[in-house]
Every structure is written in C-alpha cells, then in structure tokens.
Amino acid sequence: MFIRILVAVGLISMGAAGAMAQQLQAIARVDVENSRIEDVGDGVEIRLSLTQPVPYRLFTLAEPMRLVIDFREVDWQGFDEAKVQGSEQVADLRFGIFRPGWSRLVVDLKQPLSVFQAVMETDHVTGSAKLSIKLANASIAEFKAFSGAFSSEEWALPQGDKGLQPKTRQIGDRPLLIAIDPGHGGIDPGAEHEGYLEKHLVLQFARELKEALILSGRYKAQLTRTGDSFVSLPDRISIARKMGADVFLSVHADALSEGKATGTTVYTLSDKASSGAAAELARQHDRSDLLAGVDLAQQDDLIAAVLMDMARLETTGRSDLLAEMLVSGIGQSVGRIRKRPHLSAGFTVLKAPDIPSVLVELGFMSNRSDLNNLLTLEWREKVVRGVVLALDTWAFEDAAQARLLRQ
Ligand SMILES: [Zn+2]
C-alpha cells in the first residue's frame, strides 16, 4: 500500500566511520552523476545520491499533483535538472532552500503516482547516502487519500494568528514600523529574465529601502525575509503581525506574459480585480506558493482565524490612501509613472485585516527598460525616496484621521 507520510532520520543508522566522514563536511551535497529520476515499469524511481545522510521527509500534494521532498541542509549548487530527470511521467523539477536549514525538491507529476517505498541507505565506508524513492501508479482517489502536507511539531509551518488582538492604529506619537516584504525567495525564484531573478532584485531593493527608512530617523523597518529563503504568503502576514508592523509593503518585479506591462504599479486588495492583468498577477503569486509545495488548502482557515471585520473596514481605506500616496510619491521622485498606476486584485499576501498593506510592482522584468531601471542604483534610490515621501505624507494624514475617529 502507499505511504502517506514518511520521516526518516538517516543519521540514526550511521556507523562510526560515517560519523567521522560526516564531520569533514557540514552540508550535504547532491552527487548529480549518481542521481537519477526514471520510469521503471509503470512507476517512477527517484535515486538521489548525497555526500552524507540527512534527515528528510516526503509527501504528495494534489492540484497540481506533486511530490515534495524536504532535506535538512542540502546544498543544491551544481544540481542539474537535465542530467537527473529522465522520466516521462515527471513534468518538472524545482529545488532550493525552503526555509533556513531546510531544502526542498518538488517533483511535478503528470499523473497520480503515490509513494510506495522510500529508503535512505548509508555507505559506512565513504559516509555517503542514497535515497531511493519508488512511486507507483495510483488512481486519483488513492492519490488524494494519501496526499497532504506533513504535520508534526518539528516540521510544522507557523500556525494562524488565532486570538491575536487587532493592531492599535497609530496616532502620530511613535515611529512607525514598516514591514518590507521582498517577494518570492529560496525555491521560488519569481520572474526570470535574461539571467536575472526577481527574488534577488527585490531583496536588494528591500534592503536599500530598509536602510533609508531607518536612516530617516522617523521609521523602524524589518524584512519578512532577510536572505534567499522561501516564505509562504500566509507566513509573510504572520511575520509582519508578530513584529507588530504598522504598514506592510510587499515588493515585486514580476513578468507578465500578455500585454505590454511596464512601469511602477501599486496594488491593493479587492475581491474584484481591477483588470485582467491584476487578476493574473494575483494568480501567479498563489501559484508560486503552490509550486513551492505549500498546501494553500488551509489558507482560508488561517485567514478566517484572523478575520477582524471592524479592523478590516478601516484597513481597506487606509491601504487605498497609502497606495495613492505611493503613486504620487514615486511619480514625483522618478518623474513618471504609468497611466493606471493603482490597481487591485485578490492578493493573498495583502490579507492582513488590521495592517494597511500594499504591493508595489517596481517594474516588470519582462520589459527591457523596466529591467534596466531595476538594475540601476540611481533609479532605485529615486524610488526609495518616493516611498519614504509617500510614507511621511500618509503617516501624517492617517494619524489625523485616527485622532478624529477617537473623538
Ligand atoms: Zn513577484
């Protein structure tokens, strides 16, 4: 029968020689030459050769169908999909850091295949390890029955923010804490164009913005991810709420396949997308999470758990005002902004009910002049100045409104 969830700690089975070999190297690497994914009978066999045994877990997820393999501390440098992937039943591979200390390999499946066997064997002479996973054909019903994200203490994703009180509105009596959210990261690279990755470009911008905000003396600022690691969309909201953020600014530089998307755009949350392109962007972001192996099925519960309707009503207006300020602030400092610079759609990452949240598309990597801008320090500095200006104006106006409401 199929295995629903499997955890194995390879280190337990390791002998003394292996332990010695392991001390020589802190992080396991994948030995590409001896790793292979191929069709065997009507199933698939995945053999991964690692320089040392590591704890791992695996599970499958439906819609889209995929196998997720997590490892502790695997360095993916040199991992070449073309050398490893030889199965007709596998559509694609994704790999990279999932969260600090954990790496992930996502195997996209063309048809329902469930885990039949998974074994990690350690070579006690060389200290290396072989993970062998056998997938067997399953019906859709079987696949679904044995699919689902892993839930145990050690591996669990942060839970929803149940029981947290809505953030108190600022009235201008303290420096605001700005949560800057660099999009994508780790296993999810975001848009890719001419060798540049969105996850790197937006992290660079986020760091520059953080520095400028702190240097102004008027703000505190923190990033939702500080390095190249994956953070799911719901987690980004949780992180911002835990840090006590007054404002949530998500930063992206996506590529859009259709239309000539260009220029800086500011997005806010709405049930109804203001344009087809805005809806497409929101979908792309959810899909990035799905492809990275996040089970968004529970997401609505998480969001529902933090629903604070009174706060949300106010937050919508506050987010819209912030978006307008950003449009004029960035427009002023950069000199021009696109025709319809404020759009809205159902962005998962903007769903904090009590933190004004906006998503800034700095530009679209698929557009040459936008990409040039993103790569130019002077241009980024102008945008940073525009954002600081916008926050100054917004914070003043927002505090005045809050004081009125209190009276
Ligand atoms: Zn993006």
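As the structure is a prediction and not an experimental result, all values here were calculated from the model. (Residues numbered from 1 in each chain as written. Predicted model: local features only at pLDDT ≥ 70, side-chain atom pairs only at ≥ 80, totals over all residues.)

When you line up the elements, Ala 282 lands in helix H6 (residues 276–291). Setting aside residues up to four positions removed in sequence, Ala 282 forms contacts with Ala 273, Ala 345, Gly 346 and Phe 347. (Helix = DSSP H or I, 4+ residues; strand = E, 2+ residues; numbered from the N terminus. Contact = placed C-beta atoms within 7 Å.)

Counting buried residues along strand S5 (residues 55–61), six of its seven residues qualify, which places the element largely inside the surrounding structure. Counting the residues between successive antiparallel strands, the hairpin from S5 to strand S6 (residues 66–72) contains four residues, one of them, Glu 63, with a positive phi of roughly 55°. (Buried ≥ 20, exposed ≤ 12 C-beta atoms within 10 Å, placed from the backbone. Pairing = 2+ DSSP bridges.)

As a further point, take the pairing of strand S18 (residues 265–269). Of all five residues making up S18, five are buried, and the element is well covered by its neighbours. Pairing of S18 with strand S20 (residues 357–361) involves three bridges; the strand directions are antiparallel. Across the sheet, residue Tyr 267 finds its bridge partner in S20, namely Leu 359. The pairing of S18 with strand S19 (residues 342–345) spans four bridges and is classified as parallel. Residue pairing across strands places Tyr 267 opposite Leu 343, the latter belonging to S19.

Turning our eyes to something else, we now look at the sheet that holds strand S3 (residues 36–40). Pairing within the open sheet is mixed, and its five strands lie in the order S8-S3-S4-S12-S11. Unpaired on one side and paired on the other, strand S8 (85–86) and strand S11 (113–122) mark the two borders of the sheet. The sheet contact formed by S3 and S8 spans two bridges and is parallel. Bridging across to S8, Ile 37 finds its partner in Gln 85.

For H6, which comprises 16 residues, the first-to-last C-alpha distance of 22 Å matches the rise-based estimate of 22 Å (1.5 Å per residue) to within 8%. Regarding H6, the residues found buried are Ala 278, Leu 281, Ala 282, His 285, Ser 288 and Asp 289. All buried residues of H6 lie within an arc of 115° about the axis, which places them on one face of the element. The inward-facing, buried residues of H6 abut helix H5 (233–243), S18 and S19. Among the residues trailing H6, Gly 293 stands out with phi positive, at a value near 95°. (Expected span 1.5 Å × (residues − 1). Arc of directions from axis to C-beta.)

With that out of the way, let us pick up the sheet that holds S20. A sheet is described by the order of its strands in space; here six strands give the open sequence S16-S13-S17-S20-S18-S19, paired in mixed fashion. Single-partner strands in this sheet number two, and they are strand S16 (219–223) and S19. Taken over all neighbouring pairs, the strand axes of this sheet differ in orientation by 30° on average, direction set aside. As paired elements, strand S17 (residues 247–252) and S20 share five bridges and run parallel to each other. Among the inter-strand pairings, Val 251 is bridged to a residue of S20, identified as Val 360. Here helix H4 (residues 198–215) sits on the sheet in contact with strand S13 (176–182), S16 and S17, set at roughly 160° to S16. (Axes fitted to C-alpha atoms, helices over the stretch in contact; angles between N-to-C directions.)

Between H4 and helix H10 (residues 377–406), whose axes approach to 10 Å, the crossing angle comes to 50°. Classed by the angle they form, the pair H4 and H10 counts as oblique. Handedness of the crossing formed by H4 with H10: right-handed. The segment H4 lies against H10, with Phe 205, Glu 208, Leu 209, Ala 212 and Leu 213 engaging Arg 380, Val 384, Val 387 and Val 388. (Parallel < 35°, antiparallel > 145°, perpendicular 65-115°, else oblique. Left-handed = near helix turned anticlockwise from the far one by under 90°.)

A few words on the nonpolar core. By size, the foremost hydrophobic cluster in this structure holds 58 residues, and its most contacted members are Ile 178, Ile 180, Leu 249, Leu 326 and Val 358. Filtering out sequence-adjacent residues up to four positions away, Leu 326 remains in contact with Val 266, Val 358, Val 360, Val 387 and Ala 390. Met 65, Leu 67, Val 68 and Leu 113 belong to the second-largest nonpolar core, a separate cluster that totals 43 residues. (Core = buried A, V, L, I, M, F, W, Y, C linked by C-beta atoms within 7 Å.)

Here we take up the environment of Gly 363. Mapped onto the fold, Gly 363 is located in the loop between S20 and helix H9 (368–374). Expressed as a C-alpha distance, the spacing of Gly 363 and Thr 264, which sit 99 residues apart in the sequence, is 4.8 Å. Excluding its chain neighbours within four sequence positions, the residues that come into contact with Gly 363 are Ala 253, Gly 263, Thr 264, Asp 370, Asn 373 and Leu 374.

Bringing unusual backbone geometry into the picture now. Following Glu 63, the chain continues into Pro 64 via a peptide bond in cis, with omega recorded as -5°. Unusually for a residue other than glycine, His 184 sits at a positive phi of about 60°. Under the C-beta neighbour-count criterion, His 184 is labelled buried, with 27 such atoms within 10 Å. Unlike most non-glycine residues, Glu 194 shows phi in positive territory, near 50°. With respect to the helices and strands, the residue Glu 194 is situated in the loop between strand S14 (192–193) and strand S15 (196–197). For Glu 194, a count of 9 C-beta atoms within 10 Å corresponds to the exposed category.

Mapping Lys 134 onto the fold places it in strand S12 (residues 129–137). The partly exposed category is assigned to Lys 134, around which 19 C-beta atoms lie within 10 Å. Residues Lys 134 and Asp 39, 95 residues apart in the sequence, show an inter-C-alpha distance of 9.9 Å. Excluding anything up to four places from it in sequence, Lys 134 contacts Gly 43, Glu 45, Phe 116 and Gln 117.

Quick look at the confidence of the model for the chain now. Per-chain confidence: the chain averages 83 in pLDDT, with 84% of residues scoring 70 or above. Every residue in residues 8–25 is under pLDDT 50, and counting partners more than four places away or in other chains gives 29 contacts. In the model, residues 299–307 has pLDDT below 50 throughout and makes 14 contacts with residues more than four positions away in sequence or in other chains. (pLDDT = per-residue confidence, 0-100.)

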